[in-house]
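Observations on chain architecture
Now for the letters of each chain:
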Amino acid sequence: MSHDTNTIYVVYLLFCLLITSASAQSLIRQSTDDLTTTLQQENGAQPNSILGEAHYLNEDDLEISSRDYKDSPSNAVTGMRDRPPMSYSLKMESFNTLLQSNETERYESRPFPVGGYNWSLIVYPNGNRQDSGSGFISLYVAIDNSTLVFSHQEVFADLRFYIFQRNERKYFTMQDTHAWRYNIFKTMWGFPQVLPLATFRDPRNGYLFNGDHCEFGVDVTIHTAFQRSELFTVARNFPNPRFTWTIRSFSTLLGEAYFSDVFSIGGRRWNIQVNPSGAGTGEGSALSIYLLLNANERVRPYEKIYVRAQLRVLNQRASPQWRTIERPLDHWFTGPGLGWGYNEFIPLADLRDPQRGYLVNDVLIVQVEMEIISTTRYFPS
């Protein structure tokens, strides 16, 4: 054997030894890791928090699993509710069988429809170990991606999970303040740590009753964009905010009510109504004045018009003792022909007193000044 041949042979032996050593270390490391996991489970090692983390889709993570990096911190909310789940209920009469099984990692319900999609409730009796759920009941909801119309389609859903508590006949619930985003890359969302397994299994707590009976449930609420909306705005500082009505020969007005000409302010048509001898509580003793939305004004169903204005009876003598009488108006007008004002705007005795200056040469001047008028736009119109 030549010197070159011996050298090649020695190098080959060293290469084989190196591969064998690396493989052995890998096997030893894997075995040690498995042993550590087993010891942790046997010693009851559990996550510190009862509330599980809410996991959200990372844009770069395309795994179809329950484990994902979070876009934001968990905002899980828990509580007890009287009403049962609305979307789906899963009752089990042999839950201990699943707890004792080494082969059954999870139980998946049959599909149920919500919002045009098919969903399944998934229960991990011993917790989803791949999602830090060991020692807990883990609950998830999966979407059947065959019900997604487009490959790029996303479905946003609110999930509320339930576990029945027999003692109080209520449901322990857990939900998140965020919506969960489903797509073909992420078909399952939920909580790995819903309820500690020790708490669930303790019969005194009422979650596992009649031996091994229990009930889980879920509400799935689909987020859809609104189709109808409205925009409420308030207009002020009108170019011509005042309307003045001069009523002549006031003493000859023997009718019950009189109306001014139609006037427009803020894009609406209005009238002033005057009852010379009063109306309601002011009948026979006071002048009554009202602001009316014109009877021919168009108002949409359920529309309300907010108005802030000042009603006035002007003093025509500019007396420092007797001034213009002004009363505020703050009202929601709900339909054409309807009005708002004062039954007792000014006593008739004061009105007719010639020294006060409100009725001069049998002329009465009434005025309204608009300050605010609302507008509501509806979409679609």
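The rules behind each value
Residues numbered from 1 in each chain as written. Predicted model: local features only at pLDDT ≥ 70, side-chain atom pairs only at ≥ 80, totals over all residues. Heavy atoms only, no water. Core = buried A, V, L, I, M, F, W, Y, C linked by side-chain atoms within 4.5 Å. Buried < 20%, exposed > 50% of the residue type's maximum accessible area, 1.4 Å probe, protein only. Contact = heavy atoms within 4.5 Å. Helix = DSSP H or I, 4+ residues; strand = E, 2+ residues; numbered from the N terminus. Salt bridge = Lys/Arg side-chain N within 4 Å of Asp/Glu carboxyl O.

1. Looking at the nonpolar core
Of all hydrophobic cores here, the largest spans 40 residues; its most connected members are Trp119, Tyr182, Phe200, Phe216 and Val220. Among residues more than four places away in sequence, those in contact with Tyr182 are Trp119, Val141, Ala142, Ile143, Gln153, Glu154, Val155, Ala157, Leu159, Thr187, Met188 and Trp189. Ala309, Val313, Phe345 and Tyr358 belong to the second largest nonpolar core, which has 35 residues in total.

2. Considering unusual backbone geometry
Residues Phe379 and Pro380 are joined by a peptide bond in cis, for which omega reads -10°. Here Pro380 shows up in the segment after strand S22 (363–379). Although it is not a glycine, Ser132 adopts a positive phi angle of roughly 60°. Tracing the backbone shows Ser132 in the loop between strand S5 (117–124) and strand S6 (136–143). Although it is not a glycine, Asn237 adopts a positive phi angle of roughly 55°. Position of Asn237 among the secondary structure elements: in the loop between strand S12 (229–236) and strand S13 (242–247). Owing to a relative accessible area of 72%, Asn237 belongs among the exposed residues under this scheme.

3. A few points about the environment of Val360
With respect to the helices and strands, the residue Val360 is situated in strand S21 (residues 359–360). Taking the C-alpha atoms as reference points, Val360 and Phe250, 110 residues apart in sequence, are found 9.8 Å from one another. In this structure Val360 touches Gln316 and Arg317, once residues within four positions along its chain are discounted.

4. Re the pattern of salt bridges
As enumerated under the stated definition, the model contains 15 salt bridges in all. The closest approach of N and O atoms between Asp219 and Arg83, which form a salt bridge, is 3.3 Å. Of this pair, Asp219 sits in strand S11 (residues 214–222) while Arg83 sits in the loop between strand S1 (76–81) and strand S2 (88–92), placing them 136 residues apart in sequence. The class of Asp219 is buried, set by a relative accessible area of 3%. A residue is classified by how much of its surface remains accessible, and Arg83, at 31% relative accessible area, is partly exposed. Measuring nitrogen to oxygen at the nearest pair gives 2.7 Å for the salt bridge that ties Arg268 to Glu303. With Arg268 in strand S16 (residues 268–275) and Glu303 in the loop between strand S17 (286–293) and strand S18 (305–313), the pair connects residues that are 35 residues apart, well separated along the chain. For the pair formed by Arg268 and Glu303, the shared burial category is buried. A single network of salt bridges, built from pairs that share partners, joins Arg242, Arg312, Glu326 and Glu369.

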